[in-house]
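Next come the chains, spelled out residue by residue.
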Amino acid sequence: MAKTIIIGGGLAGLSAAVYLSKNNRKVELIESSPKLGGRTYSFFNKTFNSEIDNGQHLLLGAYKSTLEFLKITNAINKIEFQDNLKIIYKNKVGESFTIDASKYFYPINLLSAIWNFNSLTKKDKFNFIRFVSSISFQNDKNLEKISVKKYLIKNNQSENAIKSFWEILAISALNTNIDEASAVLFNKMLKKIFLAGNKSTTILTPKENLSKIFIDPSLEYLKQTSFNYSISEKLESIKIYNNIITELKTDLRTITDFENVILAIPPYQILKLNCNEKLLQSDFLEFEYSAIISVNMKLKKNIFTEKFVALIDSEVDWIFNHNKYISIVISDANKFVELSKEQILEICINELQKYFKNFEKDLIIKSLVIKEKRATIKSTPEFENFRNKIVTKIKNLSIVGDWTNTGLPQTIESAILSGKLSAFKFIK
C-alpha cells in the first residue's frame with residue numbers, strides 16, 4: 001500500500017490523515033513537538049486544577065468542513081449547537097444588547113434580530129440590512145486592494161455600527177485590525193455566514209476542551225486504520241529529484257519509503273528546511289504575524305451567567321464562561337504581546353470593571369495569561385493576493401495549513417479544509 005508522509009500534527013495535518021485513512025491510504029505523521037494539535041490543544045494546569053485550552057476558538061455553524069471532520073471522528077456530540085443565532089453584547093456603561101434570531105424563519109429571523117439590536121440607531125439598521133443584502137453582488141475585483149474599514153464605510157456603515165458589530169466580527173475572524181484587514185476575504189466570510197442558511201449564522205459552544213474535541217477523537221479514529229505517528233521528531237531536510245521528493249531526513253532517521261508528502265507546518269518552518277529546491281517564496285518573511293492573547297481567570301464567585309459575551313469598543317473582544325473559570329480573548333494583540341503578564345491582566349481587569357459593574361478585582365483567585373505570538377499571518381490585501389498564488393511544482397508534495405489558499409480566514413475551518421483538499425489530491 002502506497003504511503004503518505006505528513007509533516008506536522010496540527011489540525012491541517014490531522015485532517016489530511018483522517019481523510020486519507022478514511023479512503024484506505026497508509027499514513028505516517030511526524031510531529032516535531034511532544035504533542036499533537038498545533039495551536040489547538042489543551043493542557044492540565046495545576047493552579048486551576050483543570051484542563052485549560054491554549055486559546056479560545058470561536059466556532060461557527062458555517063464551519064462545514066469542521067463539522068464533517070467531527071462527524072467522521074465521532075466527536076460531533078462534544079459540540080453544543082444554537083438553534084438560532086444569539087449573542088449578548090455589553091457596552092462601556094454596562095448596558096446589554098442582544099442579537100436574537102429565534103423569532104420567525106430564515107432569513108426573516110436575521111432581519112428581525114438586527115432590527116431589535118438596539119445598540120444600532122434606526123438609520124444604522126436600515127443601512128445594515130441594505131449592506132447584508134448586497135453581499136452576494138459585491139465584485140471581488142473591486143475589493144482586492146481595500147481594507148475592511150474602507151469597505152464598510154463605502155457601504156454606509158456608521159462608526160457606531162462598525163464599533164457595535166462589524167469590528168468585533170472582523171477582528172475575531174481575521175485577527176487583523178479593520179484598517180489593515182482584507183475586504184475581499186471579509187466579504188467571502190460574510191457570504192458563508194449570512195447567505196448559507198440559518199445554521200451558518202449560529203455560534204457553536206465546545207462542551208469539552210480542545211484536545212478532547214479535536215485531538216483525542218482523531219487519534220482514536222486513526223488508530224483503527226493503517227496509521228502511524230511519531231512525536232518529538234523534527235524534519236531537517238528534503239531531497240528532490242525531477243520534481244519528485246525522494247528522501248526525507250529527520251533528526252532521527254532517513255525516510256525513502258513513501259509516495260507522497262504533505263507539509264503541514266507554518267511557512268517560517270518550511271523556509272528553514274534544508275532542500276535542494278525552493279519550496280516556498282521567501283517573500284513570506286515580509287508578512288507580519290498577528291498575536292492572540294487569552295487571559296483565564298478563576299473567580300471566587302462567577303458573576304457571569306452567559307456562555308459568551310462580546311464587548312463593544314473594548315480592548316477585549318470576548319468573554320467565555322467555563323463555569324469554573326472565564327477566558328478573555330484579545331485578538332489582533334500585537335500592541336500588548338510584549339507587555340508583562342501582570343500588565344495584560346491589569347488591562348483586562350480595567351475593562352471588566354468598566355463593562356460589568358459587579359466585577360471586582362478581589363474576585364480573582366488565580367489567573368493565567370497565554371500569548372500566541374504567531375497565531376496567524378495578518379490578513380491584509382497584500383497577503384491575500386500572495387496567498388492566492390501559493391503553488392508548488394513538486395508533483396508528490398502538498399502544502400497545507402490555515403494560511404494556504406482556502407479562500408477562508410486563518411481559522412480552524414481553514415486548517416481542516418486545507419487538510420481535506422490535500423488528501424483528495426492524492427486519492428486516486
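Thresholds, definitions, all that
Every chain begins its residue count from 1, and numbering advances along the sequence as written. The model is predicted, so local features are restricted to residues of pLDDT at least 70 and side-chain atom pairs to those at 80 or more, both for listing and for counting; the totals for chains, interfaces and linings are taken over all residues. The side-chain numbers reported here are obtained from all heavy atoms of the structure, hydrogens and water having been left aside. Secondary structure elements follow DSSP: runs of H or I of four or more residues count as helices, runs of E of two or more count as strands, with numbering from the N terminus. Any pair of residues with heavy atoms lying within 4.5 Å of one another is described as a contacting pair. Here's how the labels work: a residue is buried when its accessible area is under 20% of the maximum for its type, exposed when over 50%, partly exposed in between, all with a 1.4 Å probe on protein chains only. The rule for pairing is simple: two strands pair if DSSP sees at least two bridges between them. Between the N-to-C directions of two axes lies an angle of 0 to 180 degrees, each axis being a line fitted to C-alpha atoms and, for a helix, fitted only over the stretch in contact. Throughout, the protein atoms alone are placed on a 1 Å grid, and a set of points is a cavity if a 1.4 Å probe fits but cannot get out or a pocket if it is open with protein on both sides within 12 Å along at least five of seven lines; lining residues have an atom within 4 Å of a point. Grid points are joined across faces, edges and corners, and a volume is the space filled by probe spheres set on the points. Any angle between 65 and 115 degrees counts as roughly perpendicular, while under 35 counts as roughly parallel, over 145 as roughly antiparallel, and the rest as oblique. Residue classes follow a fixed rule: Ala, Val, Leu, Ile, Met, Phe, Trp, Tyr, Cys and Pro count as nonpolar, while Asp, Glu, Lys and Arg count as charged, and any other residue, Gly among them, counts as polar. Pairs of N or O atoms within 3.5 Å make up the polar contacts considered here, provided that, within protein, one atom can donate a hydrogen while the other can accept it, and that residues adjacent in sequence are counted only when both atoms are side-chain atoms.

Novice: Even after reading the chapter, I still don't get the environment of threonine 246, so can you show me in this structure?
Specialist: Its place among the elements puts threonine 246 in strand E12 (residues 244–250). Not counting the four nearest positions on each side in its chain, threonine 246 is found in contact with Lys239, Ile240, Tyr241, Ile255, Thr256 and Phe258.

Novice: Would you take a moment to explain unusual backbone geometry for this structure?
Specialist: The bulk of non-glycine residues show a negative phi, and the bulk of peptide bonds are trans. Omega for the peptide link from tyrosine 106 to proline 107 comes to 0 degrees, which places this bond in the cis form. Relative to the helices and strands, proline 107 resides in the loop between strand E8 (96–100) and helix H3 (108–115). You will see that asparagine 24, though not glycine, has its phi angle at about 60 degrees, which is positive. Inspection of the secondary structure puts asparagine 24 in the loop between helix H1 (11–22) and strand E2 (26–30). The phi dihedral of serine 232 is positive, around 55 degrees, even though this residue is not glycine. Mapped onto the elements of the fold, serine 232 is located in the loop between strand E10 (227–230) and strand E11 (235–241). Overall, the relative accessible area of 40% leaves serine 232 in the partly exposed class.

Novice: Help me understand the sheet that holds strand E21 (residues 397–399), please; the structure alone is not making it clear to me.
Specialist: Pairing between sheet strands relies on hydrogen bonds along the backbone, with the strands arranged either parallel or antiparallel. Overall, parallel pairing links the 5 strands, which are arranged E10-E2-E1-E14-E21 in an open sheet. Edge positions in the sheet fall to E10 and E21, since each of these pairs with one other strand and no more. Going from strand to strand, the sheet's axes swing by 15 degrees on average, the running direction of each strand aside. Where E2 and E10 come together, 4 bridges link them in parallel fashion.

Novice: Got a minute to help me understand the sheet that holds strand E6 (residues 79–81) in this structure?
Specialist: The strand order across the open sheet built from 3 strands is E5-E9-E6, with neighbouring strands paired in antiparallel fashion. In this open sheet, the two strands that pair with only one neighbour each are strand E5 (59–60) and E6. Of the pairings in the sheet, the one linking E6 to strand E9 (residues 203–206) comprises 3 bridges and is antiparallel in character. Bridged to phenylalanine 81 within E9 is leucine 204.

Novice: Looking at this structure, how should I read the pairing of strand E16 (residues 289–299)?
Specialist: Consecutive side chains along a regular strand alternate between the two faces of the sheet. In terms of burial, E16 is a largely internal element, 9 of the 11 residues being buried. Both E16 and strand E20 (residues 364–377) contribute to a ladder of 10 bridges, which runs antiparallel. By the bridge assignment, serine 294 is partnered in E20 with isoleucine 370. Relative to strand E19 (residues 326–330), E16 is paired through 5 bridges, and the arrangement is antiparallel. Residue pairing for E19: valine 295 is matched across the bridge by isoleucine 328.

Novice: Help me out: how do you make sense of empty space enclosed by the protein in this one?
Specialist: The rolling of a water-molecule-sized probe over the atoms marks out the regions of remaining empty space. Following the criterion strictly, the structure yields 1 cavity of 30 Å³ or more and no others. Taken as a whole, the largest cavity encloses approximately 40 Å³ of empty space. Lining the largest cavity are Ile52, Asp53, Gly55, Gln56, Ser294, Asn296, His322, Tyr325 and Ser327. Within the residue set of the lining of the largest cavity, elements represented by two or more residues are strand E4 (50–53) and E16.

Novice: Quick question: what am I supposed to make of the packing of helix H7 (residues 159–174) against helix H8 (residues 183–194) here?
Specialist: In a pair of packed helices, the angle between the axes and the distance between the axes together describe the arrangement. Between H7 and H8, the shortest axis-to-axis distance is 11 Å and the interhelical angle comes to 100 degrees. Relative to H8, the element H7 is oriented roughly perpendicular. Side by side, H7 and H8 meet where Phe165, Trp166, Leu169, Ala170, Ala173 and Leu174 of the first sit next to Leu185, Phe186, Met189, Leu190, Ile193 and Phe194 of the second. In the contact of H7 with H8, the residues fall into 12 nonpolar, no polar and no charged.

Novice: Where do I start with the environment of asparagine 302 in this structure?
Specialist: On the secondary structure map, asparagine 302 appears in the loop between E16 and strand E17 (308–311). With relative accessibility at 27%, the residue asparagine 302 sits in the partly exposed group. It is 7.7 Å that separates the C-alpha atoms of asparagine 302 and lysine 324, two residues lying 22 residues apart in sequence. For asparagine 302, the residues in contact, after removing those within four places along its chain, are Asn321, Asn323 and Ile326. In terms of polar contacts, asparagine 302 uses its side chain to reach the side chain of asparagine 321, at 2.8 Å. One polar contact links the side chain of asparagine 302 to the main-chain carbonyl oxygen of asparagine 323, over a distance of 3.1 Å.

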